[in-house]
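# Summary of structural features
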Amino acid sequence: MTRSSKKSKAVGHCHPTAWTRRPCPLFLGILLCSRLLAAPADVSADLAKFTQDGKIPGLVVAAVLDGKIIATGATGVRKYGDPTPVTIEDKFHIGSCTKSMTGTLAAMLVADGKIKWSTTVAEVFPEIKIHPDYQKATLLQMASNTGGVPHDIPPALWATTCANRYKPEGKQRLDLVRALLTSPPDYPPGTQNVYANGGFTIAGAMLEKVSGKSYQELIRQRLFKPLHMDSAGFGMPATPGKTDQPLGHVLKDGIPFPVPTGPDDDNPPAITPAGRVHLSLLDLAKYASFHLGTMEHPPLDQASLTFNHTVVPPAKDYGVGWVILQRPWAGGTALMHNGTNTMNYAVMWLAPDKKFAAVAACNIDSQLGPKACDDAVSFLIEKFLK
């Protein structure tokens, strides 16, 4: 299952206005290209030292400052044992970094008046016989890991969800949501902060219900298209049997082992709102830049972004899809999220006060990915921010 750690010692110690008219899409495209893709520094040669003697098959990074991509780099291969190199344009599975995007979608629909942060699951799903203790759980709670949902989807329910992966995605998700909400919550909603894929899955289903659109349609129309994140998709990025994109890996006897790219090898589509987006690091950098507030005509106003970047009590360090920490290199508040489907790993670190962000991804996890990506982000911070 997709998961995320809430701290990064390496990066932590630096080892790393609303718009009133719709802008012309062509203008936005030109603006993004000119601002975000203007001659970034190539740091590829600097990344090899973070691959742990080849145990990290491929590693890709990008850094953004003041609305421009200032550095990119790629080292290694798409598949261990195959010479095809990874590139900065390659698509990487970003796992739970998707949660930030689901939180962003929620903020957009709140701004549209389609739903409120205080809207309850009972209001959205009157057809479900929701457990009494879940009745008052809200969209905000589901999108901030405070909604009473258990950390892990119960094993039997997870097995059923995986077995149902070939059903229409919306039905998969609604079946999972129904099963979760008709069971007792793990704790009274709003009283704890427990990281939960199920909570974001419920949040995604709430957005689908009030909008009348599928999650994939929503995120493509409201986020990927306005930000020109043209590489973004869902699930494993490589074509089965081919090396046309990076393959995920696990570590076996100290050697990276490539994992097949069929639909059975990734998280089931039911939990897409919690962690199944893939994209290039260039597009992830565009997304980070948007959250830094550097777009002239953003698809979401600054007040809404700031709300998402604010800790939601009783959480100590989690907002709406973002871990919120204090870091000296960030000049105060730093935003981060990481993600893995256990075969790939990605991380985003943002310094809003500095208008800086660094993103990294690799095609292995096995406890190796977090260190490689954090070390690479630390390098970018030291080189371009300090």
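Going by the structure above, here's the rest.
Presented here is an overview of the structure given in this document. (Residues numbered from 1 in each chain as written. Predicted model: local features only at pLDDT ≥ 70, side-chain atom pairs only at ≥ 80, totals over all residues. Heavy atoms only, no water.)

On to the overall build of the protein chain. Within the protein chain one finds 14 helices and 12 strands. The globule rule puts the C-alpha radius of gyration for 386 residues at 21 Å, and the 20 Å found for the protein chain is close to it. By its C-alpha atoms, the protein chain is 55 × 50 × 40 Å across when sized along the principal axes. Scored against the burial criterion, the 386 residues of the protein chain give a buried share of 60%. (Helix = DSSP H or I, 4+ residues; strand = E, 2+ residues; numbered from the N terminus. Rg over C-alpha atoms; globule rule 2.2 N^0.38 Å. Buried < 20%, exposed > 50% of the residue type's maximum accessible area, 1.4 Å probe, protein only.)

A complete count under the given rule lists 11 salt bridges for this structure. A salt bridge links Asp264 to Arg165; its shortest N-O distance comes to 3.6 Å. Here Asp264 is found in the loop between strand E7 (255–258) and helix H11 (272–275), whereas its partner Arg165 is found in the loop between helix H7 (155–163) and helix H8 (169–181), with 99 residues between them in sequence. Residues Arg173 and Glu169 are paired through a salt bridge, measuring 3.0 Å at the closest nitrogen-oxygen approach. Residue Arg173 and its partner Glu169 are located together in helix H8, separated by 4 residues, close to a single helical turn. Side by side, Arg173 and Glu169 carry an identical accessibility label, which is buried. Each of the salt bridges in this network shares a partner with another, and the network as a whole consists of Glu169, Arg173 and Glu208. (Salt bridge = Lys/Arg side-chain N within 4 Å of Asp/Glu carboxyl O.)

On the basis of which strands lie adjacent, the open sheet formed by 7 strands has the order E1-E3-E2-E12-E11-E10-E9 and mixed pairing. On the outer flanks of this sheet lie strand E1 (41–42) and strand E9 (323–327), each paired with one strand and no other. Pairing of strand E2 (residues 58–65) with strand E3 (residues 68–76), which is carried by 8 bridges, proceeds in the antiparallel orientation. Counterpart to Leu65 in the pairing with E3 is Lys68. (Pairing = 2+ DSSP bridges.)

Here E7 shows a buried face lined by Pro256 and Pro258 and an unburied face lined by Ile255 and Phe257. Bridge count for strand E6 (residues 249–252) against E7 is 4 bridges, and the pairing is antiparallel. In the sheet register, Val250 faces E7, and the bridge partner there is Phe257. Taking the residues that link successive antiparallel strands as the turn, the E6-E7 hairpin has 2 residues, and the phi of Asp253 there is positive, at about 55 degrees.

Strand order in this open sheet of 3 strands is E4-E8-E5, and the pairing throughout is antiparallel. Only two strands of the sheet have a single neighbouring strand rather than two, namely strand E4 (91–93) and strand E5 (233–234). Of the strand pairs in this sheet, E4 and strand E8 (residues 277–280) are connected by 3 bridges, and their pairing is antiparallel. Within E8, the residue paired with Phe92 across the bridge is Leu279. The sheet strands contacting helix H12 (residues 281–291) are E4 and E8, and the helix crosses E8 at an angle near 100 degrees. (Contact = heavy atoms within 4.5 Å. Axes fitted to C-alpha atoms, helices over the stretch in contact; angles between N-to-C directions.)

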